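Chains, contacts and geometry: an overview
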Amino acid sequence: MADEVRTALVTGAGSGIGRAIATALVQAGYRLVAADIDEASVGQLAAEFGADLVFPLRLDVTDKPTVDGLLDRIPAAIQPIDVLVNNAGHDIGGRTRFDIGSADDWSNIIDTNLAGTMRVTRAILPQMVACNRGDIVNMSSISAIRLVPDMAAYTASKAGIRAFTDVLRGDLAETAIRVTEILPGLTRTNIIRKRHRGDEQVEREYFERYKVALEPEDIARSVMFALSQPPHMQIAQMYILPINRW
Ligand code: NDP
């Protein structure tokens, strides 16, 4: 009998770390639901790998009704979802002292990174529980643990993901569902440019200052390591740093 094809859903799959994870999953034989707020970017993934392997889905993780009805928009033939990667996130307007930064910026960071992760999980988890199988991978950050000034919203969002992921793992301890938190350090994606609303010079100086950055594929490899462990074993956390950090 042929091996069963498993389905993975990645949020924020159109760019950076999400795109690398999406690519690694398809290359490992998963069928992919590639979800992103930017429809064109996940359309490109479908064009690259073929519509039979990648189902592109426009999804804004802050859009509550759409997230709640998420499974209704995915063809039944490619369900259930076996792997959920909650990756969508940003720090737009971040690196600003809290009394100066706009309240809309920080609430959007929390809505996307933390509430988005929780809501997408809530939309998909009942199906995983019913099947008694699955993996949930939450994209946290070293910011969840290393508290630095001028990053209140992003830090709170990732510390929230830390706490949520631990509690969820406890909630699901009697099931076969595994819950993994990934905590990357600086990774070369568009996140810094977007944080500074497109300022490429600030982005360039930022990466130059830290000298070494991880590549999105490094994070994707780590996720695939966690997913490829035997069913009795769950990688709870992976804390991943560039070589020159500590
Ligand atoms: P990118 O900006 O390259 O990718 C983020 C992706 O998420 C983009 O495709 C973006 O779409 C999408 N996205 C943003 N908002 C939403 C939303 N509301 N709904 C759905 N999709 C959305 O950044 P990264 O790859 O770096 O970020 C991925 C994750 O990794 C984030 O959670 C980030 O916090 C985390 N991370 C990143 C680190 C880094 O140094 N890069 C370090 C630690 C963690 P669009 O392009 O249209 O905005």
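Helix and strand content of the chain: 8 helices and 7 strands. Here the chain has a C-alpha radius of gyration of 17 Å; the compact-globule value for 246 residues is 18 Å, and the two agree. In terms of overall dimensions, the chain has C-alpha extents of about 55 × 40 × 40 Å along its principal axes. Taking all 246 residues of the chain together, 50% fall into the buried category.

Taken together, the neighbourhood of the ligand is formed by 27 residues, with Ser-15, Asp-36, Tyr-154, Thr-189 and Lys-194 sitting nearest. At 3.3 Å from a nitrogen atom of the ligand is found a main-chain nitrogen or oxygen belonging to Leu-59. At 3.0 Å, a backbone N or O of Val-61 approaches a nitrogen atom of the ligand. Relative to its free-state accessible area of 890 Å², the ligand is covered by the protein chains to the extent of 91%. When residues of the shell around the ligand are traced back to their parent elements, those giving at least two are α1 (16–27), α5 (152–171) and α6 (191–195).

Under the counting rule described, the total for this entry stands at 3 aromatic pairs. With a centroid separation of 6.2 Å and an interplanar angle of 85°, the aromatic rings of Tyr-206 and Phe-207 are classed as edge-to-face. In this pair, the class of Tyr-206 matches that of Phe-207, namely buried. Plain terms: the ring middles of Tyr-206 and Tyr-210 are 5.0 Å apart, the flat faces sit at 55° to each other, and that makes the pair tilted. Of the two residues, Tyr-206 and Tyr-210 both sit in helix α7 (residues 200–210), 4 residues apart, roughly one turn of that helix. Taken together, the ring pairs in this structure connect Tyr-206, Phe-207 and Tyr-210 into an aromatic cluster. Between Arg-245 and the ring centre of Trp-246, over which it is positioned, the NZ or CZ distance is 5.5 Å.

Below, the discussion takes up a negative patch on the surface. On the surface, a cluster of negative charge is made up of Asp-199, Glu-200, Glu-205 and Glu-208. With respect to the helices, strands and loops of the structure, Asp-199 is situated in the loop between α6 and α7.

What follows concerns the pairing of strand β2 (residues 31–36). Among the 6 residues that make up β2, 5 are buried, leaving the element largely enclosed by the rest of the structure. Here 5 bridges tie strand β1 (residues 7–11) to β2, and the two strands are oriented parallel to one another. In the sheet register, Val-10 faces β2, and the bridge partner there is Ala-34. Remark: the β1/α1/β2 crossover connection has right-handed handedness. Note: β2 against strand β3 (residues 54–58), 5 bridges, orientation parallel. Directly across from Val-33, in β3, lies its bridge partner Phe-55. With helix α2 (residues 39–49) bridging β2 and its parallel neighbour β3, the resulting β-α-β unit is right-handed.

At a closest axis distance of 12 Å, the pairing of α1 and α2 adopts a crossing angle of 25°. By the criterion of interaxial angle, the relationship of α1 to α2 is roughly parallel. At the point where α1 passes α2, the crossing takes the right-handed sense. Contact residues: α1 offers Arg-19, Ala-22, Thr-23 and Val-26, while α2 offers Ser-41, Gln-44, Leu-45, Glu-48 and Phe-49. Here the contact of α1 with α2 is built from residues that sort into 4 nonpolar, 3 polar and 2 charged.

Rules and cut-offs
- Residues numbered from 1 in each chain as written.
- Predicted model: local features only at pLDDT ≥ 70, side-chain atom pairs only at ≥ 80, totals over all residues.
- Heavy atoms only, no water.
- Helix = DSSP H or I, 4+ residues; strand = E, 2+ residues; numbered from the N terminus.
- Rg over C-alpha atoms; globule rule 2.2 N^0.38 Å.
- Buried < 20%, exposed > 50% of the residue type's maximum accessible area, 1.4 Å probe, protein only.
- Near = heavy atom within 4 Å.
- Polar contact = N/O pair within 3.5 Å; in protein donor to acceptor, adjacent residues only side chain to side chain.
- Areas by Shrake-Rupley, 256 points an atom, 1.4 Å probe, with all protein chains shown as cover.
- Phe/Tyr/Trp six-rings, centres within 6.5 Å; stacked < 30°, edge-to-face > 60°.
- Lys NZ or Arg CZ within 6 Å of the ring centre and 35° of its normal.
- Patch = residues over 30% accessible without salt bridge, like charges linked within 9 Å, V, L, I, M, F, W, Y side chains within 5 Å.
- Salt bridge = Lys/Arg side-chain N within 4 Å of Asp/Glu carboxyl O.
- Lys, Arg positive; Asp, Glu negative; His and termini not counted.
- Charge placed at Lys NZ, Arg CZ, Asp CG, Glu CD.
- Pairing = 2+ DSSP bridges.
- Right-handed = clockwise from strand over helix to strand, strands pointing away.
- Axes fitted to C-alpha atoms, helices over the stretch in contact; angles between N-to-C directions.
- Parallel < 35°, antiparallel > 145°, perpendicular 65-115°, else oblique.
- Left-handed = near helix turned anticlockwise from the far one by under 90°.
- Contact = heavy atoms within 4.5 Å.
- Nonpolar A, V, L, I, M, F, W, Y, C, P; charged D, E, K, R; others polar.

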